[in-house]
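# Structure at a glance
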Amino acid sequence: NKGALLFHELREKIGRSAFSEGLRLFYSTYRDQQATWSNLQQSFAKVTKIELSAFFSERLERVDIPALAVENVQVTSHGSGSVLNFTLQQKTAKPFTLSLPISIHTLSGEVTVLKEIKELSTQLSITLEQRPTEFTIDTGHAFLRQLAPEEFPTVWSRFLGAEKKLAILAKEHD
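A quick note: this is a predicted structure, and the numbers were derived from the prediction, not measured. (Residues numbered from 1 in each chain as written. Predicted model: local features only at pLDDT ≥ 70, side-chain atom pairs only at ≥ 80, totals over all residues. Heavy atoms only, no water.)

### Looking at helix α4 (residues 53-61)
What counts is decided by this rule: Whether a residue is buried, partly exposed or exposed follows from its accessible area with a 1.4 Å probe, protein chains only, as a fraction of its type maximum: under 20%, in between, or over 50%, in that order. Comment: elements are numbered from the N terminus, with helices defined as DSSP H or I runs of at least four residues and strands as E runs of at least two. Working definition: the arc comes from the directions between the helix axis and the C-beta atoms, pointing outward to the latter. Residue contacts are defined here by distance: any two heavy atoms, one from each residue, within 4.5 Å place the two residues in contact.
Taken as a whole, α4 has its buried residues at F55, F56, E58 and R59. The arc that holds the buried residues of α4, viewed along the axis, is 165°, so those residues lie on one side. For α4, the exposed residues set more than 90 degrees away from the buried face come down to A54 and E61. The secondary structure elements touched by the buried residues of α4 are α1 (2-14), α3 (37-48) and β3 (98-106).

Okay, structure coming up:
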């Protein structure tokens, strides 16, 4: 749901406290009145002192949604650590401004970094204490985006609509 993810992404962008304060201001200002998305945007902007028109415009007026691809992944040694380098491509005609959570696994655990993406093609370099074993972008589905085929949940309706179907049935006594 585009609206629900707008609120989720906005809360992550401005912080929980400012988000709650913005909702309280919006409610107290527009209680028992008709309000618009613009009124909501103005309430959050007043609380945070952040210009949010581009954020709201991208989320509410654009018909496309972000589609991401990772290319040119390289890991290089850097002193006692490593540097993870890759190019992030936005596969839309016009880029979105995104706060992108990147989860990186190393032998000693997981590190999550947040990168601001504003261009169709962005070169990222992330310095790490240890060599990465894998990395994932937006594991928690923090914003509305097109899912990669392997991210789609397994559901019966997808099986029923599939061009090619394969069902493996157990023997009756199994």
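### Remarks on the packing of aromatic side chains
What counts, and what does not: Pairing of aromatic side chains requires ring centres within 6.5 Å, counting the rings of Phe and Tyr and the six-membered ring of Trp. Pairs whose planes differ by under 30 degrees are stacked, by over 60 edge-to-face, and all others tilted.
Summed over all chains, the structure comprises six aromatic pairs. Centroid distance F26 to Y30: 5.3 Å. Interplanar angle 40°. Geometry classified as tilted. Note that F26 and Y30 are positioned in helix α2 (residues 16-30) at a spacing of four residues, about one turn of the helix. On the basis of relative accessibility, which here comes to 18%, the residue Y30 falls in the buried class. Measuring from centroid to centroid gives 5.7 Å for F55 and F56, while their planes differ by 80°, and the two rings are edge-to-face. Comparing F55 with F56 shows no difference in burial state: the two are buried.

### A word on the pattern of salt bridges
Inclusion rule: A side-chain nitrogen of Lys or Arg and a carboxyl oxygen of Asp or Glu constitute a salt bridge if their distance falls within 4 Å.
Taken as a whole and assessed by the stated rule, the structure comprises six salt bridges. In this structure, R59 and E58 form a salt bridge, with 2.5 Å as the shortest nitrogen-oxygen distance. Each member of the pair R59 and E58 is classed as buried. Among the salt bridges present, the one from D138 reaches R145, with a minimum N-O distance of 2.6 Å.

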